[in-house]
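Reading the structure
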Amino acid sequence: WRFLKKYLKVGYARSSGPGGQNVNKLNTKVDVRFRVDQADWLPKDVRQRFEAVNGNFINKNGEFHIQSERYRTQEANLKDAIRKIQELVDDAFSPQ
């Protein structure tokens with residue numbers, strides 16, 4: 001994933017998830033985006049399958065968008081978001 005991280009736009013916001021007192025103080029929710037049409041690290045056919053299957057997560061600017069607020073830390077939520085992206089990319093590599 002090291003080669004991929006340079007393509008990701010990562011943002012943080014306050015989470016509504018677990019965290020107790022910290023939930024209203026810390027920006028632990030992770031918002032990850034990348035431009036599918038510029039993802040030259042994916043073969044064209046894989047990009048097309050990825051877009052077809054995950055179109056609901058792609059905005060009008062062509063950005064794939066996913067969030068994670070499952071954990072109490074930015075680091076854990078970023079890993080979770082990247083794990084989700086990896087699973088979706090893996091699915092696009094193996095057509096059904």
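Description of the structure in this document. Position numbers for residues count from 1 along each chain, tracking the sequence in the order it is written. With the structure being a predicted model, the display of local features is reserved for residues of pLDDT at least 70 and the display and counting of side-chain atom pairs for 80 or more, all residues being used for whole-chain, interface and lining totals. The basis for every side-chain value is the complete set of non-hydrogen atoms in the structure, without hydrogens or water.

What follows deals with the nonpolar core. Remark: nonpolar core denotes a set of buried residues (Ala, Val, Leu, Ile, Met, Phe, Trp, Tyr, Cys) joined through side-chain atoms within 4.5 Å. Relative accessibility thresholds used throughout: buried, under 20% of the residue-type maximum; exposed, over 50%; partly exposed, between the two (1.4 Å probe, protein chains only). Among the nonpolar cores identified, the biggest contains 19 residues, and Val 32, Phe 34, Phe 50, Phe 64 and Ile 85 are the most heavily contacted of them. Elements with a minimum of two residues in this core: strand 2 (29-35), helix 2 (44-53), strand 3 (63-68) and helix 3 (74-93). Put simply, DSSP H or I for four residues or longer makes a helix, DSSP E for two residues or longer makes a strand, and each gets a number counted from the N terminus. With six residues, helix 3 is the single largest residue contributor to this core. Each residue touching Phe 64, except ones within four places of it in the same chain, is listed here: Val 32, Arg 33, Phe 34, Val 36, Phe 50, Asn 54, Phe 57, Ile 58, Ile 85 and Leu 88. Only heavy atoms enter the contact rule, under which two residues are in contact if any of them lie within 4.5 Å.

This next bit is on the packing of helix 2 against helix 3. Throughout, an axis means a line fitted to C-alpha atoms (over the contacting stretch in the case of helices), and angles, computed between N-to-C directions, take values from 0 to 180 degrees. Packing of helix 2 against helix 3 brings their axes to within 8 Å, and their N-to-C directions diverge by 115 degrees. Note on packing geometry: the crossing formed by helix 2 with helix 3 is right-handed. Facing helix 2, whose interface residues are Val 46, Arg 49 and Phe 50, helix 3 presents Leu 88, Val 89, Ala 92 and Phe 93. Among the residues forming the contact of helix 2 with helix 3, the class breakdown is six nonpolar, no polar and one charged. Rotating anticlockwise by less than a right angle from the far helix to the near helix defines a left-handed crossing, while the corresponding clockwise rotation defines a right-handed one. Each residue gets one label: Ala, Val, Leu, Ile, Met, Phe, Trp, Tyr, Cys and Pro are nonpolar, Asp, Glu, Lys and Arg are charged, and the others, such as Gly, are polar.

What follows covers the sheet that holds strand 1 (residues 9-13). Pairing in this open sheet of three strands is antiparallel, and the strands run 1-2-3 from one edge to the other. In this open sheet, the two edge strands, each paired with only one partner strand, are strand 1 and strand 3. The sheet shows a mean angle of 20 degrees between the axes of neighbouring strands, direction not considered. One requirement defines pairing of two strands: DSSP has to find at least two bridges between them. When strand 2 meets strand 3, the two strands line up antiparallel, connected through six bridges. Residue pairing in the sheet places Arg 35 in a bridge with Glu 63 of strand 3. Running over the sheet, helix 3 touches strand 1, strand 2 and strand 3 and is turned about 135 degrees from strand 3.

From the geometry alone we can't say anything about function, so treat these as descriptive.
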